[in-house]
Amino acid sequence: MSCKRGVFVVLCAALGGAAAGLVSAQAHASGAMLTDWASWYGAMSVSGENAGCQLCHANDHDELPPPADEGRLPPGQYKRQTLVVRPGQSIQRAIDQAADGARILIRAGVYRETANPTNGLIINKSGLSLIGLNTPTNRVILENAGDQRNGIVVVPSERNDCMGCHESMAPPFELKPGIDSGMTSDEPVLYDVEIRGITIRNFVNNGLFTERVDGFRIVDVHSENNKSYGIFPTQSRNGLIALSKATGANDSGIWVETSENVRVAHNLVENNTNGFEASNSDDIDLTYNVARNNSVGFSVLLLPGIFDVRAGAKRINVRDNSVYNNNRPNTARPGSILAAVPPGSGILYVGVDESEISGNHVFGNKLTGIAIADYCVVVSGTPDLDCQTDPSITVPYLLDQDARDNYVAGNTATDNGLDPGSPAENPFFFAASDLTLLTLPDTHGNCFEGNTFGTLFSLIGLSAPPGCD
């Protein structure tokens, strides 16, 4: 078996909000938060036969119409073929029969796919659209059929057998004994994939995982109780994650990793350890989202364990989000980087550069509202993670681990840092505040303007946040 060392990676592309049916910025600014999810589903649903199946299993005896032989066409030049899957039929069978560029429509119902012991559904084709035909009362639900690790994987075909090849699902994603490094190229293999209107639940690791995809749309996808990561694009680019929900992850609800040019908009994350995470990525926009009741609302990070896959983290912007009451107990895997993070943070930037944090409403987070930190500062003295002792720390990473030149403006951060816990419970209790700057030996060019806040903490004893020129 062959498997790439160190990452699961999924694609990223910033596509226009209007084309995806997103709520406008003006509507959001006036208070029209995306809380009426049912009304949006109704607008997107297709009327007709309502498959009110309580429990529908994949059935190899239900044949789908054979696809037309259209050949392989370049991305953007697909002839559309449409297949319809009904409860009792297999979604995977439709995917296998479909030509590149096909549209697969799925009637509402509960599906358990048994073709692969590791993954519920596997997509290795470009141009594919997998669309749930939800109704106001029923959704398309993909449920773990037994002990499957992942719900939907969008990966190059040579990665099919490797989705279970890692010892753990935490950076640096160590491989099991006897697994070689496999693929070495980081270039995209798949193009233009859409997944819309599907609930994915109760998988051991990931809900929706994609790797090396250029051009993806993940819209109205619900991840429920997928224990590692909910929606997890890596090593990809030019993507959209919108109007989706993630809950019940012991790591991150929505994680964009080692990717570029991705828009994450109008999503809800709650009851995860990290609500949103973006790491070792560039040009990521997280806008008009709600992060509540997680351990950390937004974690924006430069991680050493995947630095060899993608160095640097710049222009990861968090704007116009609602971030509140992120005080859930941390349930991350013991020994992982995330497990060392105390609960109670709204927006946390570590080692990231040249990014904007603006227009957010951040309140009720017990430790900090908005924090910017150098990586080596926050892990100092932490067993196995300290920059002086961690074997994954390299000289190039040390040169880039500072958080520099971030712009923090126009946020409302109030009633944060009011209950950080005791020193025994939280080693960062002393930094409790609305705005927190943990950089040494100076501010590293991070600047603040026009924020509404009550309290400030900095390691260098500032009486006011550093201004912007």
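About the criteria used
- Every chain is numbered independently, its residues counted from 1 as its sequence is written.
- With the structure being a predicted model, the display of local features is reserved for residues of pLDDT at least 70 and the display and counting of side-chain atom pairs for 80 or more, all residues being used for whole-chain, interface and lining totals.
- Note: side-chain values were computed over all heavy atoms of the structure, leaving out hydrogens and water.
- Here, a salt bridge means any Lys or Arg side-chain nitrogen found within 4 Å of an Asp or Glu carboxyl oxygen.
- Strands here are runs of E lasting at least two residues and helices are runs of H or I lasting at least four, both read from the DSSP assignment and numbered beginning at the N terminus.
- The buried label goes to any residue with under 20% of its type's maximum accessible area, the exposed label to any with over 50%, and the partly exposed label to all in between, with areas taken from a 1.4 Å probe on protein chains only.
- Every residue is assigned a pLDDT by the predictor, reflecting its confidence on a scale from 0 to 100.
- Any two residues whose heavy atoms approach within 4.5 Å at even a single point are treated as in contact.
- The rule for a disulfide is simple: a pair of cysteine sulfur atoms within 2.5 Å.

Visitor: What should I look at first to understand the pattern of salt bridges in this one?
Guide: Side chains that differ in sign of charge can pair as their charged atoms come close. This structure, assessed with the given rule, holds 15 salt bridges. When the shortest N-O distance is used, the salt bridge between arginine 139 and aspartate 220 registers 3.3 Å. Of this pair, arginine 139 sits in the loop between strand E6 (129-133) and strand E7 (140-143) while aspartate 220 sits in the loop between strand E12 (213-219) and strand E13 (222-224); the two residues are 81 residues apart in sequence, bridging distant segments of the chain. Assessed through its relative accessible area of 3%, aspartate 220 is described here as buried. With a shortest N-O distance of 3.4 Å, arginine 217 and glutamate 194 are connected by a salt bridge. With arginine 217 in strand E12 and glutamate 194 in strand E9 (residues 190-196), this residue pair connects regions lying 23 residues apart in the sequence. Beyond isolated ion pairs, a larger network of salt bridges with shared partners links Asp283, Lys314, Arg315 and Glu354.

Visitor: Help me out: how do you make sense of unusual backbone geometry in this one?
Guide: Note the cis peptide between leucine 440 and proline 441, where omega equals 0°. Unusually for a residue other than glycine, asparagine 325 sits at a positive phi of about 55°. Turning to its location among the elements, asparagine 325 is positioned in the loop between strand E25 (322-324) and strand E26 (345-350). By relative accessible area, asparagine 325 is classed as partly exposed at 33%. The backbone phi angle of glutamate 354 is positive, close to 55°, even though this residue is not glycine. Relative to the helices and strands, glutamate 354 resides in the loop between E26 and strand E27 (356-358).

Visitor: Can you walk me through the confidence of the model for the protein chain in this structure?
Guide: Interpreting fine coordinate detail is not advised for predicted regions of low pLDDT. Confidence along the protein chain averages 82 in pLDDT terms, with 77% of residues attaining 70 or more. Counted against residues more than four places away or in other chains, residues 166-170, with its pLDDT under 50, gives 27 contacts. In the predicted structure, residues 178-183 sits below a pLDDT of 50 and forms 18 contacts with residues beyond four places in sequence or in another chain.

Visitor: I would appreciate a short explanation of the state of the cysteines in the present structure.
Guide: Simply put, disulfide is the name for a covalent bond between the sulfur atoms of two cysteines. Applying the stated criterion across every chain, the model contains two disulfides. Through a disulfide, cysteine 376 is tied to cysteine 387; the S-S separation comes to 2.0 Å. One disulfide, between cysteine 376 and cysteine 387, carries an S-S torsion of -95° and so falls in the left-handed class. With a gap of eleven residues between them, cysteine 376 in helix H4 (residues 375-378) and cysteine 387 in the loop between H4 and helix H5 (395-400) connect regions that are remote in the sequence. Among the residues examined, cysteine 376 registers a relative accessible area of 17% and is labelled buried.

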